[in-house]
Amino acid sequence: MSELELPRVLELPRVVVTAWLPRLGLTRSRVRTELGHGNWRAIARGIVLTRPEQPTRADWVAVGIALAGPSAALTGWDALQVRGLGGERPPTPQATVLTRTGSNRVIGGVRIRRTARPYTRTETSAEASHHPLTPIVATERAVADTALDCSRLSEVRALVGFALVRRRCSLDALVRELDGLPRNRGAHLRRAVGEALDGVRSAAEADAAARLARHPRIPAFELNVPVVAARGRCFLVDFLWRGLRAVLEIDSLEFHISAEDWRATMARHNALTAAGFAVLHQPPSVVAGRDGWWLDETADWLGRRSRELGVALPPPGGAIRSQPGTHPRR
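If you're wondering where the values come from, they're calculated on a predicted model, not measured in any experiment. (Residues numbered from 1 in each chain as written. Predicted model: local features only at pLDDT ≥ 70, side-chain atom pairs only at ≥ 80, totals over all residues. Heavy atoms only, no water.)

Once that is clear, we can look at the sheet that holds strand 1 (residues 15–17). By way of backbone hydrogen bonds, the strands of a sheet pair with one another, either parallel or antiparallel. Pairing within the open sheet is antiparallel, and its three strands lie in the order 1-3-2. Pairing within the sheet leaves two strands with one partner each, and these edge strands are strand 1 and strand 2 (41–44). The mean inter-strand angle of the sheet, taken between neighbouring strand axes irrespective of direction, is 35°. Both strand 1 and strand 3 (residues 47–49) contribute to a ladder of three bridges, which runs antiparallel. Counted as the bridge partner of Val-17 is Ile-47 from strand 3. Here helix 3 (residues 57–68) sits on the sheet in contact with strand 1, strand 2 and strand 3, set at roughly 25° to strand 1. (Pairing = 2+ DSSP bridges. Helix = DSSP H or I, 4+ residues; strand = E, 2+ residues; numbered from the N terminus. Axes fitted to C-alpha atoms, helices over the stretch in contact; angles between N-to-C directions. Contact = heavy atoms within 4.5 Å.)

Okay, here's the thing in structure tokens:
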């Protein structure tokens, strides 16, 4: 039990490991008394909760950090929660704590996982709303570990896109995390990061890009590239057909309707149009529809644009991929 770490707090912690008793000024007799009176709860062998209620997810995290030793670090969905990411529901019932020693095990609501993949640790502040004074991994590692627990590609796409849009980690850092994974793991994460390398920033854009790439009449396109519009203003557009000066935007106003949003979208549209770009808008709900009529509409629109400008329609080819380190700054 030499690897167990005593929490650096003055008050009695919610989770107590029996090895800490002398340093906390407690005796085994006191523990038995509190348990007998129902004031405390035994939640695992040698571990008690100094409260009568059921342990919370945060309590199980504390258990995992205590048992995983000096290399312990919280990862996955719970580590993302500290940074304002991860969504409303965790992909697994157990929190995940990494360690470089010991063995893999599940204790109640925490999973302790031994790993040889390198990871860095930082400690949350005492004022953190989630898991104060807790060692956690870097954001990119937490994203990767969360993605491994997700069963649906759409969840991983949203996770990767949100982390990049919020600038919580870089795309290059996610690529490095992928490089450390065995080839037979992380298929959804590889797909989502690959789409991000193509320039995709959201789950809706990822879906749109995949469908556009499969359509036999839609030319190759660029994703999330800066274009200069009227009065020298620069915009990052969702999909660009450069030779056709055509832009497709996947709007999110159906989910975030406000007068300010509407004015900003109109100003953006007008600036692009004034600079000679043709702009087509589609909401995520249409992109996700099963009939796919918007794809034929887009193909027809690009064909008309080709005839209007008197330029050849480029061949199909899907997304024009950028290289790691050369993608647009987010």
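Next up on the list: the side chain of Thr-96. Of note, Thr-96 is situated in strand 5 (residues 95–99). Residue Thr-96 is classed as buried on the basis of its relative accessible area of 4%. At a separation of 2.7 Å, a polar atom in the side chain of Thr-96 contacts the side chain of Arg-111. For Thr-96, the residues in contact, after removing those within four places along its chain, are Ala-73, Leu-74, Thr-75, Asp-78, Arg-111, Arg-113 and Asp-149. (Buried < 20%, exposed > 50% of the residue type's maximum accessible area, 1.4 Å probe, protein only. Polar contact = N/O pair within 3.5 Å; in protein donor to acceptor, adjacent residues only side chain to side chain.)

This paragraph deals with the sheet that holds strand 13 (residues 278–282). Here we have four strands laid out as an open sheet, ordered 10-11-12-13, and mixed in their pairing. Each of the sheet's edge strands pairs with one partner strand only, and the pair in question is strand 10 (222–228) and strand 13. Shown here is a sheet whose adjacent strand axes are inclined to one another by a mean of 50°, direction ignored. When strand 12 (residues 246–250) meets strand 13, the two strands line up parallel, connected through five bridges.

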